[in-house]
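What follows is the residue order along each chain.
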Amino acid sequence: MPRAPAIARTLPSLRRALEGLRARRATIALVPTMGALHDGHLALMRQAKRRASKVVVSIFVNPTQFAPHEDFGSYPRTWKADMAKLAEARVDLVWNPDVGTMYPPDFATRILTEGPATAGLEDRFRPHFFGGVATVVGKLFAQCRPDVALFGQKDYQQLKVVTRMAADLDLGVKVIGIPIVRERDGLAMSSRNVYLSAEQRAVAPTLHRVMKDAVKRLRNGSDLEAVMADGTRTIGNAGFTLDYFEARHAETLAPVRSIKDEPVRLLVAAKIGTTRLIDNIGV
Ligand code: PAF
């Protein structure tokens, strides 16, 4: 049976555990998560093991990145199953603070994000989100002082925001983006997929199908505006309420006029019922 990872729940115990891990000049990879682990997270852990000698996974459902009307209360919390997966993945340490440890009552600081955080994608629909993410990830980096940190490319704008933040604040951590892991029918893995009813689950892969088709047409020379308009229509007809379906520069996230403004990434966010799905693909 795989050995369960050590668990730290307080800052002193995290410090002690990290000192132990670093004793033999180990390098440390951090995989920040909110738990409800799926194969996408496990891919991050596999990559983490390849890039550092010790792997720390944080599990913390971060209240400051949820708006009051969002799903903080109902976000899936699957501790037992998560621990079994972390043992199987041979993770060394789990950092699992409670809200009071992360945000003591007199906590009064927030990282203000600009640049990629104001690209007009997720920030347009979740204005509170990147401040909350940057603040908690900044704290996780300060607490764990990892050499590398791994994030999934599914939250593409988040990856850019965290990369910028780590560089701007000289945090000395290399942020690495790992490709999206998909279900067999193309749906991007997400902890929120458990919210989907059977009917919604059947429709959900439409987002990936539309993007794949768009990439194919763009590579064959079709006009960007026409392709995006067709995709928008297909997503709407499938029953989604679309937040955005956009072509952006893959590094700056600036809008592009044609795929000649390379590298280009298509990004989509849409609601099916009350569940909001995001996805993206390189052109
Ligand atoms: O992507 C997530 O799971 C979260 O936004 C993160 C990076 C763990 C911060 O809470």
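Overview of the structure. Here the structure is a predicted model, which is why all the values come from computation and not from measurement.

## Digging into the environment of Ala84
1) Next: Looking at the secondary structure, you find Ala84 in helix H3 (residues 79-88).
2) Next: Measuring from C-alpha to C-alpha, the distance between Ala84 and Ala4 comes to 7.5 Å, with 80 residues separating the pair along the chain.

## Considerations on unusual backbone geometry
1) Next: Cis geometry is found at the peptide bond from Glu262 to Pro263, where omega equals -5°.
2) Next: Position of Pro263 relative to the elements: it lies in the loop between strand S7 (241-249) and strand S8 (264-272).
3) Next: The residue Ala36 is not glycine, and still its phi comes out positive at about 50°.
4) Next: Summarising the element assignment, Ala36 is placed in the loop between strand S2 (28-33) and helix H2 (39-51).
5) Next: At Asp170, a position not held by glycine, the phi torsion is positive, near 50°.

## Focus: the packing of aromatic side chains
1) Next: Tallying each qualifying case throughout the model produces 7 aromatic pairs.
2) Next: Among the aromatic residues, ring-to-ring pairing joins Phe60, Tyr103 and Phe107 into one connected group.
3) Next: Above the face of the Phe72 ring, Arg77 is positioned so that its terminal group lies 4.9 Å from the ring centre.
4) Next: Sitting above the plane of the Phe129 ring, Arg126 keeps its charged end 4.3 Å from the centroid.

## As for the pattern of salt bridges
1) Next: Scanning all chains against the criterion turns up 14 salt bridges.
2) Next: As a salt-bridge pair, Asp155 and Lys154 come within 3.9 Å of each other at their nearest N and O atoms.
3) Next: Exposure remark for Asp155: the relative accessible area of 24% places this residue in the partly exposed category.
4) Next: A salt bridge links Glu251 to Lys160; the nearest nitrogen and oxygen atoms lie 3.1 Å apart. Here Glu251, found in the loop between S7 and S8, pairs with Lys160, found in helix H7 (residues 156-168); they are 91 residues apart in sequence, far enough to count as distant.
5) Next: With relative accessibility at 48%, the residue Glu251 sits in the partly exposed group.
6) Next: Here the salt bridges do not stand alone but share partners, grouping Glu122, Asp243 and Arg276 into one network.

Parameters at a glance
Residues numbered from 1 in each chain as written. Predicted model: local features only at pLDDT ≥ 70, side-chain atom pairs only at ≥ 80, totals over all residues. Heavy atoms only, no water. Helix = DSSP H or I, 4+ residues; strand = E, 2+ residues; numbered from the N terminus. Phe/Tyr/Trp six-rings, centres within 6.5 Å; stacked < 30°, edge-to-face > 60°. Lys NZ or Arg CZ within 6 Å of the ring centre and 35° of its normal. Salt bridge = Lys/Arg side-chain N within 4 Å of Asp/Glu carboxyl O. Buried < 20%, exposed > 50% of the residue type's maximum accessible area, 1.4 Å probe, protein only.

The analysis is restricted to geometry; functional conclusions fall outside its scope.
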